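Examination of the molecular architecture
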Amino acid sequence: MKIRVGYVTNSSSTNFLILSKEELSSEYLYKKLGFKKNSPIEKEAMELCENILYATQGGLRYFNLDEVNFDNVREVFGEAAAHKFQKYKKKGYKGYMGYTRSDDGTLTGFFTTDSFEIEEKGFYIHARNCMW
């Protein structure tokens, strides 16, 4: 029998879709995710936003899809999300996909292990494609 000594992780990841009227930036995400300036968790919140922004450049977890389009959104996030993508795309929204990992920081880990959607004026995020 072998016994593992040291840190063992059971990393999780979440694929996400963001539809945004504005070009993504850390500051914009910070605002749209509901964080307030001078918050006690401002540093961690900004790290989460930077991780999300960075993740949009790396593709999706367990999917080999390069493009944000109706069929790819439907395959990963489902029919309802694909129709939202189509509706927002017609209004000029930009589409982003990526994934975060639970071992990428405290708030990023929380973001990754939760499943949610946020829809408000100028912004939509679908983070319901979680893998354990």
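Now for a description of the structure that goes with this document. For every chain, the first residue of its written sequence is number 1, and the numbers climb from 1 along that sequence. A pLDDT threshold of at least 70 governs which residues receive local features in this predicted model, and a stricter bar of 80 or more applies before side-chain atom pairs are shown or counted, although totals over entire chains, interfaces and linings include all residues. In computing side-chain properties, one takes all heavy atoms of the structure into account and sets aside hydrogens as well as water.

1. A few points about the overall build of the protein
The helix and strand tally for the protein stands at five helices and four strands. Every helix listed is a DSSP run of H or I at least four residues long, and every strand listed is a run of E at least two residues long, numbered separately from the N terminus. Reading the protein from its N terminus to its C terminus gives the helix and strand order β-α-α-α-α-β-α-β-β. Taken over C-alpha atoms, the radius of gyration is set against a globule rule of 2.2 Å times the number of residues to the power 0.38. In terms of overall size, the protein behaves like a compact globule, its C-alpha atoms giving a radius of gyration of 16 Å where 132 residues would be expected to give roughly 14 Å. Each principal axis of the C-alpha atoms in the protein carries an extent, and together these give about 60 × 40 × 20 Å. The buried share of the protein, reckoned over its 132 residues, is 41%. Accessible area is worked out with a 1.4 Å probe on protein chains only. A residue is then buried under 20% of its type maximum, exposed over 50%, and partly exposed in between.

2. What about the nonpolar core?
Buried residues of nine kinds, namely Ala, Val, Leu, Ile, Met, Phe, Trp, Tyr and Cys, make up a nonpolar core once their side-chain atoms join them within 4.5 Å. Core analysis: the largest hydrophobic core is formed by 21 residues, its most contacted members being F16, I18, L29, F35, L48, I52 and F111. Contributing elements (two or more residues each) for this core: β1 (13–20), α1 (26–32), α2 (42–55), α5 (106–113) and β4 (123–131). For this core, the element with the highest residue contribution is α2, accounting for six residues. Among the nonpolar cores identified, the runner-up in size contains 15 residues, and V76, F85, M97 and Y124 belong to it.

3. Side note on the packing of α2 against α5
Convention adopted: a line fitted to C-alpha atoms gives each axis, helices being fitted over their contacting stretch, and angles between N-to-C directions are expressed from 0 to 180 degrees. Direction vectors running N to C along α2 and α5 enclose 60°, while the axes themselves pass 7 Å from each other. By the criterion of interaxial angle, the relationship of α2 to α5 is oblique. You can see that α2 and α5 cross each other, and the crossing is right-handed. Two secondary-structure elements touch here, α2 through E44, A45, E47, L48, N51 and I52 and α5 through T106, L107, T108 and F111. In terms of residue class, the contact of α2 with α5 is built from five nonpolar, three polar and two charged. For this classification, under 35 degrees means roughly parallel, over 145 means roughly antiparallel, 65 to 115 means roughly perpendicular, and everything else is oblique. Should the near helix be turned anticlockwise from the far one by less than a right angle, the crossing is termed left-handed; should it be turned clockwise, right-handed. Should any heavy atoms of two residues lie within 4.5 Å, those residues are considered in contact. As a working rule, the residues Ala, Val, Leu, Ile, Met, Phe, Trp, Tyr, Cys and Pro are called nonpolar, Asp, Glu, Lys and Arg charged, and the rest polar, with Gly in that last group.

4. A look at unusual backbone geometry
Positive phi, close to 65°, is recorded for N38, a residue that is not glycine. When you line up the elements, N38 lands in the loop between α1 and α2. Judged by its relative accessible area of 70%, N38 falls in the exposed class.

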